[in-house]
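# Architecture at a glance
One letter stands for each residue in the lines below.
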Amino acid sequence: MDRVSSFDEPLKKLLGGATAKVMAEHLDLHTVGDLLHHYPRRYEERGKLTALADLPLDEHVTVVAQVADARILMFNNGRGKRLEVTLTDGSGRLQLVFFGHGVHKPHKELLPGRQAMFAGKVSVFNRKMQLAHPTYQLLDASDADEATEAVDAFAGRLLPIYPACKQLDSWRIAKAVDAVLPSAQDAVDPLPASLREGRGFTPLPEALLKVHRPQTKADVEDARARLKWDEAFVLQIALARRRYADTQLPAVARRPVADGLLDAFDAKLPFTLTEGQEKVSKEIFDDLATEHPMHRLLQGEVGSGKTMVALRAMLTVVDAGGQAAMLAPTEVLAQQHHRSITEMMGELAEGGMLGGSDRGTKVVLLTGSMGMAARRQALLDLVTGEAGIVIGTHALIEDKVQFHDLGLVVVDEQHRFGVEQRDALRSKGKQPPHLLVMTATPIPRTVAMTVFGDLETSVLDQLPAGRSPIASHVVPAKDKPHFLSRAWERVREEVENGHQAYVVCPRIGDDAEGAEGKGGKKTKARKQAADEDPEKRPPLAVLEIADELRKGALAGLSVEVLHGRMHPDDKDDVMRRFAAGDVDVLVATTVIEVGVNVPNATAMVIMDADRFGVSQLHQLRGRVGRGSAPGLCLLVSEAHEASPARARLSAVAATLDGFELSRIDLEQRREGDVLGQAQSGVRSSLRMLTVIDDEEVIAAAREEAVAVVAADPELEHLPELRTVLAALLDKDREEYLDKG
């Protein structure tokens, strides 16, 4: 068998169909190489028991512990049986519970004093942590005489605990790894020999053996150091090649023109730009003046003035004879951008029109729901070059849309926008246009170096003068219902003081689930499930909450709804009336998350806040406090006080620093989630590296990768690195990086 193909061997050949099927479906592991790169999450020292005191709620865990006692309880007038087993480890206690016919085997096996490994999902019942129906493996011999000997043999060895799933426990994964471990000898080493020796790394086959079957903690450290480096280095090589290829592309240099649109615009600004805006604008102007396409990421706090910076870049390109396109993820946002940009530009946005400035240009909007006549005119303005600036949704990407001379593409809210769309728009220039990606989700430096490693980064971290502080609080609706009543009183107080409020819900409520809620057994069943476990009830819905508020807590106020399924004209109408102050309270989905600017809105209540991510909550909160009055954000949740969800909300309430929150967000996410679904829709290639902790490794790997690619862009002298690059960056990911 050659060196690569043993890693490509399908798992079903070695493990049997059933195990391979579970691995493929639930863990995304298909080949021997995949399984060898499925590293232990942690290691138990077999002689030492896990700290039961630190178990995370709602997570699938594996623990090694000792049985303290076990007893069978009857319920339902003796018709039902329940086995309760108490485990101990010196740090805490944990209850196991088995029901019905499932009690016989554990009752015979889980005797006091026995040590075993248990796996299951941690839940809370009667204020006690428990595992219901866990799977387990006894760790002592079944013969009591041999027990001491078995435990002694067992102690002192490191037990790998693998990322597992309900269908496949960690120890079954360990057995499967044993079956494929001999193939580790065939691992292709991606590191150039000089780099490997220079940094004193363990050879790769040895690192794989050590990570899966370590004899000592030093083995684990050795293996991790080597495997982390490989991941960082191969990824940085891919990004460095991408950046190198970009520097070889031609682009039209777009240099500022004296006394043009930009100067006219700057002259009529009612305020001065912040230092940060000046600095970032200079970075962008320098890039635009080169004959290679700019690839820049502009990240800034909510409200730090990114749109202003992007608009000045667009005006520079128009001055230089080109056109600029701004791509927004939703119609509401495209309309909002169009409205605010035309307002900022005034008569400069009416080029060629009566009353327009002779230095002006046309600013057109292009969305999917526009009427035919308006659409035809917009398309004509683009192809003739009459419109210097176009703002739109993905409708801009359609084949029918032709530009006269596309010089700059600005993509708003990167995390909402597919790479393919960006690429399609880019191909509409005669030569590749310059690219500016804007995101209001601050990204820690290391993530920027990995996820956006092919983009140069600019950061706006100053808020413009006039922005007000926002107070944030968690409202525990289940434990303290009177807190929720007080939240609605606060909203009423804000309205009485002449302000407005948002109420955000995760769901619209006009779906089938909402419809069947008019009565019937399903609703009753769902309500019952929700009483037992708040996680099981459907998320709160805009239409239902708006209805309740109109009839109850906010009766007498003007309450309107806004969500994604409304007709665009209706959405626009509601937003206009809210902006004009005719609507007191807007009950909405996350369509208001980005770009909506109503300085008079001072309060926001986020229902089921635990169902949103950290960065999304930060984005939403940024919609209030945009004027001179202070903002208030109330995070309503029914999550249990000890749950990770509540910890997340407390973190959001505790800081307004987006960079700090993005760090917390990353620390709380699963491994490998950073580069994964959010960016490319394919499985992450990061299994060992944690982007947040391994900043030094990433920075060093980036430096080495840049040097390697500069010396050998095609990696002609490094065939092993080429092979690993092809395997690690599967086709989808390579394409994703290609389009960056």
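Okay, so let's go over this structure. Treat the numbers as computed from the prediction; the structure is a model and nothing was measured. (Residues numbered from 1 in each chain as written. Predicted model: local features only at pLDDT ≥ 70, side-chain atom pairs only at ≥ 80, totals over all residues. Heavy atoms only, no water.)

## A closer look at helix H12 (residues 275-288)
With 14 residues, H12 extends 20 Å from end C-alpha to end C-alpha; this agrees with the ideal 20 Å at 1.5 Å per step. Regarding H12, the residues found buried are Gly 276, Gln 277, Val 280, Ser 281, Ile 284, Phe 285, Asp 287 and Leu 288. The buried residues of H12 occupy an angular sector of 160° when the element is viewed end-on, so they sit on one face. Considering only its buried residues, H12 is in contact with helix H11 (261-267), strand S9 (295-300), helix H13 (306-319), strand S13 (406-412), strand S14 (434-439) and strand S15 (456-460). (Helix = DSSP H or I, 4+ residues; strand = E, 2+ residues; numbered from the N terminus. Expected span 1.5 Å × (residues − 1). Buried < 20%, exposed > 50% of the residue type's maximum accessible area, 1.4 Å probe, protein only. Arc of directions from axis to C-beta. Contact = heavy atoms within 4.5 Å.)

## Side note on the sheet that holds strand S19 (residues 585-588)
Ordered by their spatial adjacency, six strands build an open sheet running S16-S21-S20-S17-S19-S18, and the pairing between neighbours is parallel. The open sheet has two edge strands, strand S16 (470-476) and strand S18 (559-562), and neither has a second partner. The sheet shows a mean angle of 20° between the axes of neighbouring strands, direction not considered. Pairing geometry for strand S20 (residues 601-606) and strand S21 (residues 631-637), over four bridges, is parallel. From the neighbouring strand, Ala 603 faces S21, where its bridge partner is Leu 632. Packing of helix H21 (residues 542-551) onto the sheet brings it into contact with strand S17 (500-504), S18 and S19, and relative to S18 it is tilted by some 175°. (Pairing = 2+ DSSP bridges. Axes fitted to C-alpha atoms, helices over the stretch in contact; angles between N-to-C directions.)

## Some points on the sheet that holds S14
Reading across the sheet, the seven strands line up as S11-S12-S10-S13-S14-S9-S15 and stay open at both edges, with parallel pairing between neighbours. Sheet topology places strand S11 (362-366) and S15 at the edges, where each strand pairs with a single neighbour. In this sheet, adjacent strand axes meet at a mean angle of 20° when their direction is disregarded. Sheet analysis places S11 next to strand S12 (residues 387-392), joined by five bridges and oriented parallel.

## Regarding the pattern of salt bridges
For side chains bearing opposite charge, pairing can occur when the charged atoms are close. According to the stated counting rule, one finds 36 salt bridges in the structure shown. Across the pair Asp 547 and Lys 551 runs a salt bridge whose closest N-O atoms are separated by 3.1 Å. On the criterion of helical spacing, the pair formed by Asp 547 and Lys 551 is a turn pair, its members being four residues apart in helix H21. By sharing partners, the salt bridges in this structure join Arg 486, Glu 489, Arg 490, Glu 493 and Glu 494 into a single network. (Salt bridge = Lys/Arg side-chain N within 4 Å of Asp/Glu carboxyl O.)

## Quick notes on the environment of Gly 351
Among the structural elements, Gly 351 can be located in the loop between helix H14 (331-345) and S11. Sequence separation of Gly 351 and Thr 361 is ten residues, and the distance between their C-alpha atoms is 3.9 Å.

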